Structures are given as C-alpha cells and as structure tokens.
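Close look at the chain arrangement
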Amino acid sequence: MTDASLGSIHWKRNLFVCLAGSFTTIVAMTLLLPFLPLYVEELGLTDHAAIVQWSGIAYGATFFAAAIVAPLWGRLGDIYGRKLMLVRAAIGMTIAISLMGMATTVWQLVALRLVVGLAGGYASGSMVLVAAQTPKDRSAWALGTLSAGIMAGNLVGPLIGGVLPQLIGIRATFLCAGAAIFFAFLATLFLIREEKSPARKQAAKSGGGLRSLPHKGPVLAMLFTGMLLMFANMSIEPIITVYVAQLVADPAHVTITAGIVMSAAALGSVLSASRLGRLADRIGYWRVITGTLAVAAVLLIPQAFVTESWQLILLRFLMGLALGGLLPCITAVIRHNVPDSATGAILGLSISAQYVGQVAGPVSGGFVGGHIGMPAVFFGTAVLLAGGALFCHLVRPAEARNAAST
C-alpha cells in the first residue's frame, strides 16, 4: 500500500526503466518515417499518388487506433495494475513490429500498424505508472524527465531509420526494432516493481471516467490544454517545406533545412522538460502552464515575418523550450485532481485528446495555409495558445490562485 503524496519506494528505479523502455519503443515506432514510402513501393505499389496516400494511411493508422483504446487500457490499468499494461504493450509491439518486416502487401502493413496502435501505448502507460507512483513534490520533475526521453525517441527514431536500412535492409530494420522492444519487455517484466493498492478494488467497483470526479473543471481544462499543445506543435507541419523554400536560396538545401526546423522545437522540449517540471514542483503547475502557453503564443508571431531560415530555426527552438514543460504539468495536474482508482482512465482520455490535436493540427494548418496564407497559420495558432493561457488562468482552482497571491 502506498500514500499518493509519498509515492512508491521503487519510484526512481521504475522511472529509469520506464524512461529507457519509452525511448526504445518510440524509436521503434518512428524509425520507419524516412523509408515508409520506399517500403510501400516495395510491397507492390507503383503509382506515385498511391504510394503517398498509402504511406499516410499506414503512418496514421497507429495513432488512430491508439486514440481509441488509450482510455480502455488506462481503465484496465487502474483495475489490474499499470505494470501489466506495460508488459502487454511491450510484447504486443514486439510481435507487430517484427511482423512488419515480413509483410507482403500494403494491406498487411496497414493492419499491423493498426495492431501497434491497439496493442501498444508503452510510453503513455509509463506516464500513468510514473504519475501514480512518484512522490507528489517530485511528480512534475519525474514526468518531465520521462517526457524528455519520449521526445528524444521521436528525434532519434527517424535518424536511425535514415541510416539502418541502408546497412541491413528495410525488413531487417523492422526485426531489429522488434528485438529492441523485446529487451524493453524483459526489463519491464523483471525490474519494475508495483505494490498492490486498495485503489484497484475501488476502480473495479466504480464506473471510472469523468463521471467519477467530484470536480471536473481542472481535468477538462487539462484535456483541452493537451489537445492545444499537440495542435500548436503540428499545425506548421504541412506548410513547413513550402515556407522554408521561400527562405532558402538553394533548392537543394530546402529539405535538410525543413528537417532542422521540424527538429528544433522537439530538441528545445527535450532540454527544458525536466527543468520546467522541477520549476513547476516549486512554484505550482498552473503558473507554469499559463506562462508557457503565453510565451509560446508570443513566439509564434515573429515566425510569420522571418526572412532567414536561421531565424525560424531559432524561434522554433525557443518555442520548444517554452512548451517542453507543458505535458508533464498537464499530467501532474490530472494526477492530483483524480482519485487513484481513476488515474489511468483519465490520463487515457488525456492521451486521446492529444491525438485529436495531433490530427487536427496538420489538417487545419494545411487548410489555412493553402486558402488564406502561411502567415495566417502562425497567427491563428498564436491566438489559440493565448486563449488557452487565459482559459487556464481563469479556471485554475482556488488553492492555485491563493498560492499565486502569496
């Protein structure tokens, strides 16, 4: 039995294992980005439009499936234990990703990508376990550290995917990725310790979800903020190459510069996540959430007026620094506003909300950029973030307001 304010005696070891496992699984999930169209072509498609279309379907299938089942896995974790959910995710991803290297048709590839989304969720499950077991006064730092590992996986995965297939082939790359996740499975199975909690019995009896919360306001605000975070990060993705082409004189340098711009925000978030988490533990989560949203909104405006590529790279990096602490704070606020018996279910809803933002951001950014103009994407996203900052400032609980006034 553990006290939510004191956490588990194993929380540091569990954090390390979850960090390593989340990094490994995210790398395995994202390394296919550079060679996905090539693999789709290898599976029998020859028309360029069909290759692009099926590559998008195959990539998005994982996130679509994960968004649907995240609350379910969170709920089952509340009842049967969070470690069990990590073990399930790791072994499921090991099998599915390994089988991708044996696919013979594009339909099989899409189906296996769906299975990864349905069976996976190791990183999100790690967030739930770490949030539930870490002492209250260290939770934002621990979640920030874990977030940094997840974002680092998103950076490293495509880099490995750009190099490894040239050395061993595409199919062998999938098998190596499956083997790496299998080691994460072994570490999870043998090294993570989770004490039994009376909250599991309560979770089995209660309905779970938002209905079980006496005060829904802070949690709903965090669901919205998580969606807004992903929307802001992803809204520029569809226009970035075209926008960079206006800033770079040599067409041969457009793609590499666009890649650097895409990575700059993620790198900033990796560097700032744990530091902002530590700051939030000290001065309060709501202060950091409101402040980071406001700073990111301000940083978006000059991105519409840049004249050199280095200016855009710098501004995206600074924006990543600002937003790096947002996800740990969102998770910490949810954790401290829901009972132990509903933690996984509500954090699962939070993950689904983030996936909604991850889908809506590129769709909206592409539409606005194509029909109104690329600067409008930055202005519109800035307005949304500023509105989110104001909204979080207005709905923060009384104790957060009292703390801010002292």
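Data block above holds the structure.
Residues numbered from 1 in each chain as written. Predicted model: local features only at pLDDT ≥ 70, side-chain atom pairs only at ≥ 80, totals over all residues. Heavy atoms only, no water.

A few words now on helix α3 (residues 48–80). The terminal C-alpha atoms of α3, which comprises 33 residues, lie 47 Å apart, in line with the 48 Å expected from a rise of 1.5 Å per residue. The axis of α3 is deflected most strongly, by about 45°, at V69, and proline P71 appears within four residues downstream. Capping of α3 at its N-terminal end is provided by D47; its side-chain oxygen lies 3.1 Å from the backbone amide nitrogen of A50. At the exit of α3 stands G81, carrying a positive phi of roughly 115°. (Helix = DSSP H or I, 4+ residues; strand = E, 2+ residues; numbered from the N terminus. Expected span 1.5 Å × (residues − 1). Bend = angle between axes of the 7 residues up to and from the residue. Polar contact = N/O pair within 3.5 Å; in protein donor to acceptor, adjacent residues only side chain to side chain.)

Let's shift gears to the nonpolar core. Core analysis: the largest hydrophobic core is formed by 106 residues, its most contacted members being I97, M222 and L385. The element that contributes the greatest number of residues to this core is helix α13 (residues 285–303), accounting for nine residues. Setting aside anything within four residues of it in sequence, one finds M222 in contact with W286, I289, I330, V333, I334 and C392. In terms of nonpolar packing, the next biggest core, distinct from the first, is built from six residues, A148, L155, V270 and A273 among them. (Core = buried A, V, L, I, M, F, W, Y, C linked by side-chain atoms within 4.5 Å. Buried < 20%, exposed > 50% of the residue type's maximum accessible area, 1.4 Å probe, protein only. Contact = heavy atoms within 4.5 Å.)

Turning our attention to the pattern of salt bridges. Pairing of side chains with opposite charge becomes possible as their charged atoms draw close. Under the defined criterion, the tally for this structure stands at two salt bridges. With its nearest N and O atoms 2.6 Å apart, the salt bridge here joins R82 to D78. Like R82, the residue D78 is buried in the burial classification. (Salt bridge = Lys/Arg side-chain N within 4 Å of Asp/Glu carboxyl O.)

Further remarks concern the side chain of S22. Checked against the element boundaries, S22 lands in helix α1 (residues 11–30). Residue S22 is classed as buried on the basis of its relative accessible area, which comes to 0%. If sequence neighbours within four positions are ignored, S22 has contacts with Y122, A123, S126, L146 and I150.

Below, the discussion takes up the packing of α3 against helix α5 (residues 106–119). The N-to-C vectors of α3 and α5 enclose an angle of 25°; their axes lie 6 Å apart at closest approach. Between α3 and α5, the crossing angle belongs to the class labelled roughly parallel. Considering only the axes of α3 and α5, their crossing is right-handed. Between α3 and α5, the residues in contact are W54, I57, A58, Y59, A61, T62, F63, A65, A66, V69 and W73 and V106, W107, L109, V110, R113, L114, V116, G117 and L118, respectively. Looking at the contact of α3 with α5, its residues break down into 17 nonpolar, two polar and one charged. (Axes fitted to C-alpha atoms, helices over the stretch in contact; angles between N-to-C directions. Parallel < 35°, antiparallel > 145°, perpendicular 65-115°, else oblique. Left-handed = near helix turned anticlockwise from the far one by under 90°. Nonpolar A, V, L, I, M, F, W, Y, C, P; charged D, E, K, R; others polar.)

On the surface, a cluster of positive charge is contributed by K12, R138, R275, R278 and R282. Ranked by the residues each element gives to the positive patch, the list is headed by helix α12 (residues 254–283), at three residues. Secondary-structure assignment places R275 in helix α12. (Patch = residues over 30% accessible without salt bridge, like charges linked within 9 Å, V, L, I, M, F, W, Y side chains within 5 Å. Areas by Shrake-Rupley, 256 points an atom, 1.4 Å probe, with all protein chains shown as cover. Lys, Arg positive; Asp, Glu negative; His and termini not counted. Charge placed at Lys NZ, Arg CZ, Asp CG, Glu CD.)

Put simply, helix α10 (residues 217–234) and helix α16 (residues 343–371) touch, their axes get as near as 7 Å, and they point 35° apart. In this structure, the crossing between α10 and α16 has a hand that is right-handed. Where α10 approaches α16, its residues V219, L223, G226, M227, M230, F231 and M234 are matched on the opposing element by I346, L349, S350, A353, Q354, V356, G357, Q358, A360, G361, P362 and S364. In terms of residue class, the contact of α10 with α16 is built from twelve nonpolar, seven polar and no charged.

The next point concerns the side chain of S139. Turning to its location among the elements, S139 is positioned in helix α7 (residues 139–168). The buried category is assigned to S139, whose relative accessible area is 1%. Among the polar contacts made by the side chain of S139, one reaches the side chain of Y285 at a distance of 3.0 Å. The residues contacting S139, other than those within four sequence positions of it, are T134, D281, Y285, A332 and H336.

Functional significance is not addressed by these values, which are geometric in nature.
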